[in-house]
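What follows is each chain in one-letter form.
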Amino acid sequence: MRTPALTTRLRPFTATIFAEITELARKTGAVNLGQGFPDTDGPESMLRVAQEAIANGVNQYSPGMGEPELRAAISEHRAARYGIEHRPEDEVLVTCGATEALTAALIALVEPGDEVVLIEPYYDSYPVAIAMAGGVRRTVALRQGEDHRFELDLDALRATVGPQTRALVLNSPHNPTGTVFTDAELAAIAEVCRENDVIAITDEVYEHLLYDGLEHHPLATLPGMAERTLSISSAGKTFNATGWKIGWVCGPAELVGAVRAAKQFMTFVGGAPFQPAVAHALRNELDWAEQLRQNMQRKRDRLAEGLTDAGFDVLHSEGTYFICADVRPLGFDDGEQLCRSLPERIGLAAIPVQVFCDNPEPAKHLVRFAYCKKDEVLDEAVRRLHKLR
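What counts, and where the lines are drawn
Residues numbered from 1 in each chain as written. Predicted model: local features only at pLDDT ≥ 70, side-chain atom pairs only at ≥ 80, totals over all residues. Heavy atoms only, no water. UniProt positions renumbered as here; feature names shortened; annotations may be inferred. Helix = DSSP H or I, 4+ residues; strand = E, 2+ residues; numbered from the N terminus. Buried < 20%, exposed > 50% of the residue type's maximum accessible area, 1.4 Å probe, protein only. Contact = heavy atoms within 4.5 Å. Areas by Shrake-Rupley, 256 points an atom, 1.4 Å probe, with all protein chains shown as cover. Lys, Arg positive; Asp, Glu negative; His and termini not counted. Charge placed at Lys NZ, Arg CZ, Asp CG, Glu CD. Pairing = 2+ DSSP bridges. Axes fitted to C-alpha atoms, helices over the stretch in contact; angles between N-to-C directions. 1 Å grid on protein atoms, 1.4 Å probe; cavity = no way out; pocket = protein on both sides within 12 Å on 5 of 7 lines; lining within 4 Å. Points joined across faces, edges and corners; volume = space filled by probe spheres on them. Nonpolar A, V, L, I, M, F, W, Y, C, P; charged D, E, K, R; others polar. Polar contact = N/O pair within 3.5 Å; in protein donor to acceptor, adjacent residues only side chain to side chain. Patch = residues over 30% accessible without salt bridge, like charges linked within 9 Å, V, L, I, M, F, W, Y side chains within 5 Å. Salt bridge = Lys/Arg side-chain N within 4 Å of Asp/Glu carboxyl O.

As annotated in an unreviewed UniProt entry, the protein is Pyridoxal phosphate-dependent aminotransferase from Saccharopolyspora oryzae. Quoted verbatim from the Cofactor (unreviewed entry) field of UniProt, the annotation for the protein is "pyridoxal 5'-phosphate".

Set out below in structure tokens:
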């Protein structure tokens, strides 16, 4: 073979940090606070509906847009919770998880050479999707504020978005930092999108996991944004079903139709028996989701206290599964180096934040821990972390 098998644009993405750290955890038997998946199942009634669907023959291809029942439930949920109206027939598309929705959106809407703006640290699939689309990645950094919260650099955002910008990807609540963008930050983002005719692609998978009285405000609800926003979410984080890979994208029919055009040649459809189960959960199990939110807030507090006791400087997590901590008080200055040594050193796995940045230096001292685990797992993790002192 004359040239490497992998294309130039994908060579930087041959492995994910999650796969690498999880494999280290597997080899060493480490407690894994790296990859963000819960260790308990979702609501029993949702699981039962999926089992009944399988038993009753719902095992073949679903409709291309997704089961009508699920699309209707998604539309009802968005209308009731946020006051956003989406026609189920052409403004809601069911996908194989939120990652596929975002990847298909970028492939469908970005021409080679178009710029796509990410807020860093970013979720690791975002730059890969941009590369697949042939786009050019631009980033705007979150800054650590004096109140231990991550804040968006609005001046940098205004300077970065321009005539070549096709899309902006917004993730709130934000992975990996746990920040929730304020109304003022959202208003500034919306203004920049409107002034520069930019499409917003919003990753809202943690929309039900906000803490301390905060509420999720979709970017699409702001003036002039409904017609230029694709809103993405999924059942995985809301109902503890990350392995089902049932996601969705909502927005104007023209944009959703474009996403479908790309999506149908990626997976065509998926998860037929899970779709009626997710529809059932959206209509009947939001109280369960609220209990999950309360439980996650308690787990966040439990892990934050443990990390502080172990000597870390803990940053504030306002949502998601994750909390970030500064490793410098313990005498370390490189989070990635530390995370690669932790499984063998103390039997614990965590994720370095710097790997989610184009400019890693400001985040070099930060490590992300997942708290979506049983209390005994969190307690054991903290016990092991005390060995670093």
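That covers the picture; the talk isn't over yet.
Asker: Any chance you could explain the overall build of the protein here in plain terms?
Answerer: Across its full length, the protein holds 13 helices and 14 strands. In terms of overall dimensions, the protein has a C-alpha envelope of 55 × 55 × 50 Å along the principal axes. The buried share among the 389 residues of the protein stands at 58%. For the protein, the share of sequence-separated contacts (at least 6 apart) that also reach a separation of at least 24 residues comes to 75%. Carbon and sulfur atoms make up 48% of the accessible area of the protein, which totals about 16,300 Å². Each charge class in the protein was averaged separately, 39 positive and 55 negative side chains, and the resulting centres sit 6 Å apart.

Asker: Looking at this structure, I do not really get the sheet that holds strand β14 (residues 366-370). What am I missing?
Answerer: Paired through backbone hydrogen bonds, the strands of a sheet run either parallel or antiparallel to each other. Here 4 strands make up an open sheet; going across it, the order is β10-β11-β14-β13 and the pairing antiparallel. The open sheet has two edge strands, β10 (313-314) and β13 (351-352), and neither has a second partner. By the bridge criterion, 2 bridges tie β10 to strand β11 (residues 322-326) in an arrangement that is antiparallel. Bridge assignment links aspartate 313 to a residue of β11, and that residue is aspartate 326. Helix α11 (residues 286-309) contacts β10, β11 and β14 of the sheet and is inclined by roughly 15 degrees relative to β11.

Asker: Can you help me understand the pairing of strand β9 (residues 247-250) in this one?
Answerer: Looking along a regular strand, one sees side chains alternate from face to face of the sheet. Side chains Gly247 and Val249 project from β9 onto one buried face, and the interleaved Trp248 and Cys250 project onto a second face that is buried too. Pairing of strand β2 (residues 92-95) with β9 involves 4 bridges; the strand directions are antiparallel. Pairing of leucine 93 across the sheet is with valine 249, part of β9. With 4 bridges joining them, strand β8 (residues 229-234) and β9 adopt antiparallel strand pairing. Across the sheet, isoleucine 232 pairs through a bridge with valine 249, a residue of β9.

Asker: Is there a simple way to think about empty space enclosed by the protein in this case?
Answerer: Over the atoms, a rolling probe the size of a water molecule traces out where space has been left empty. According to the stated counting rule, one finds 2 cavities of 30 Å³ or more in the structure shown. Counted as a void, the largest cavity has a volume near 90 Å³. Going through the elements one at a time, β6 (165-171) and β7 (199-203) are the ones with two or more residues in the lining of the largest cavity. Within the lining of the largest cavity, the residues separate by chemical class into 7 nonpolar, 5 polar and 3 charged. For the second largest cavity, the calculated volume is near 40 Å³. Every residue lining the second largest cavity is counted, 13 residues in all, and those nearest its centre are Val94, Lys263, Val269, Gly270 and Gln275. Residues that form the lining of the second largest cavity fall into these classes: 6 nonpolar, 6 polar and 1 charged.

Asker: Just checking my understanding: could you explain the UniProt feature "domain: Aminotransferase class I/classII large" (unreviewed entry) in the protein for this structure?
Answerer: Per the UniProt annotation, the sites labelled "domain: Aminotransferase class I/classII large" (unreviewed entry) are residues 31-385. The span residues 31-385 is 40% helical and 17% strand by assignment, and the distance between its end C-alpha atoms comes to 11 Å.

Asker: How do you make sense of the environment of aspartate 153 when you look at a structure like this?
Answerer: Tracing the chain through its elements places aspartate 153 in the loop between β5 (150-152) and α6 (154-160). Take aspartate 153: its relative accessible area is 18%, and that puts it in the buried class. Taking the C-alpha atoms as reference points, aspartate 153 and leucine 142, separated by 11 residues in sequence, lie 6.1 Å from one another. For aspartate 153, the residues in contact, after removing those within four places along its chain, are Val140, Ala141 and Arg143. Engagement of the side chain of aspartate 153 in a polar contact is seen with the backbone nitrogen of alanine 156, the distance being 3.0 Å.

Asker: Would you mind going over the pairing of β11 with me for this structure?
Answerer: With 5 of its 5 residues buried, β11 lies for the most part within the structure. Here β11 shows a buried face lined by Phe322, Cys324 and Asp326 and a second buried face lined by Ile323 and Ala325. Here 5 bridges tie β11 to β14, and the two strands are oriented antiparallel to one another. Bridge pairing in β14 links alanine 325 to valine 367.

Asker: What's the story with the side chain of arginine 149 in this structure? I'm lost.
Answerer: Position of arginine 149 relative to the elements: it lies in the loop between β4 (136-144) and β5. With residues near it in sequence (within four places) discarded, arginine 149 still touches Arg143, Gln144, Thr179, Val180, Phe181, Thr182, Glu185 and Glu318.

Asker: Would you take a moment to explain a nonpolar patch on the surface for this structure?
Answerer: Taken together, the side chains of Ile107, Met132 and Met266 present a nonpolar region at the surface, about 240 Å² in accessible area. Inspection of the secondary structure assignment puts methionine 266 in the loop between α9 (253-263) and α10 (274-284).

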